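What follows is each chain in one-letter form.
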Amino acid sequence: MELSPRQKRRAVIRWLWIPLCAIVVWYGMLALGLGLHSFALGFCPKDQILSGFCSASWFPTVEHAIIIGCAGLTGLAEVVVAAIVAPMQRVRAAAVVFAIGVAVALGMVVEAKAYAEFAAAVLGGLIGIFIASRLKQSIEL
């Protein structure tokens, strides 16, 4: 099936939207993580807050769970959004975004030794590829 010039322009625009959407998703997940952290901080007893940090014994575990959970959600959201925005070849688009995400996460794991966060992001991305494979492969432009 040959695409009309209008459909070709729309396809190009949608391909160009993928990196922009990836940036928006990343910042959205960062905002979600910060919001969850602030929410969790609200449960910290007032006498255990020192300079804005919670010193309760349970808080580091909750904080780490929020970071790991948001890393996994970020991997999932990045891949699924790329697949939704892609005008065609959705699984390929999702796989490319997944590969770029793994490369970025590898850079972060080397610097920060964040192995659990890396594993969560990769698992989230793999689940995202599975979801992308279930999406309709082409849409009308």
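Residues numbered from 1 in each chain as written. Predicted model: local features only at pLDDT ≥ 70, side-chain atom pairs only at ≥ 80, totals over all residues. Heavy atoms only, no water.

Colleague: Just checking my understanding: could you explain the packing of aromatic side chains for this structure?
Modeller: To describe a pair of aromatic rings, one takes the distance between the centres and the angle between the planes. Taken as a whole and assessed by the stated rule, the structure comprises 3 aromatic pairs. Here W58 and F59 contribute two aromatic rings whose centre-to-centre distance is 5.6 Å and whose plane-to-plane angle is 70 degrees, an arrangement assigned as edge-to-face. Residue classification places W58 among the partly exposed residues on the basis of a relative accessible area of 33%. The exposure class of F59 is buried, given its relative accessible area of 4%. (Phe/Tyr/Trp six-rings, centres within 6.5 Å; stacked < 30°, edge-to-face > 60°. Buried < 20%, exposed > 50% of the residue type's maximum accessible area, 1.4 Å probe, protein only.)

Colleague: Is there a simple way to think about the environment of S4 in this case?
Modeller: In this fold, S4 is placed in the segment before α1 (5–41). Residue S4 is classed as partly exposed on the basis of its relative accessible area of 29%. As for S4 and R92, which are separated by 88 residues in sequence, their C-alpha atoms are 23 Å apart. (Helix = DSSP H or I, 4+ residues; strand = E, 2+ residues; numbered from the N terminus.)

Colleague: Got a minute to help me understand the nonpolar core in this structure?
Modeller: General note: in soluble globular proteins, nonpolar side chains tend to be found buried as a group. I18, V79, A94 and V97 are the most contacted members of the largest nonpolar core, which has 13 residues in total. Sorting the residues of this core by element identifies α1, α2 (59–85), α3 (90–112) and α4 (115–134) as the ones contributing at least two each. Those residues in contact with V97 that sit more than four places away from it in its chain are I18, E78, V79 and A82. By size, the runner-up hydrophobic cluster in this structure holds 7 residues, among which are C44, C54, F59 and C70. (Core = buried A, V, L, I, M, F, W, Y, C linked by side-chain atoms within 4.5 Å. Contact = heavy atoms within 4.5 Å.)

Colleague: Which parts of the structure should I look at to understand the packing of α1 against α2?
Modeller: Their axes nearest at 9 Å, the elements α1 and α2 cross at an angle of 160 degrees. On the basis of the axis angle, α1 is roughly antiparallel to α2. Regarding α1 and α2, the two cross each other, and that crossing is right-handed. Residue composition of the contact of α1 with α2, grouped by class: 21 nonpolar, 3 polar and 3 charged. (Axes fitted to C-alpha atoms, helices over the stretch in contact; angles between N-to-C directions. Parallel < 35°, antiparallel > 145°, perpendicular 65-115°, else oblique. Left-handed = near helix turned anticlockwise from the far one by under 90°. Nonpolar A, V, L, I, M, F, W, Y, C, P; charged D, E, K, R; others polar.)

Colleague: Looking at this structure, how should I read α4?
Modeller: Quick reminder: α-helices carry 3.6 residues per turn. Residues three or four places apart thus point the same way. Across its 20 residues, α4 extends 29 Å between first and last C-alpha, which sits within 8% of the 28 Å expected from 1.5 Å per residue. By the burial criterion, the buried members of α4 are E117, A120, A121, V122, G124, G125, G128 and A132. Those residues of α4 that are buried are in contact with α2 and α3. (Expected span 1.5 Å × (residues − 1).)

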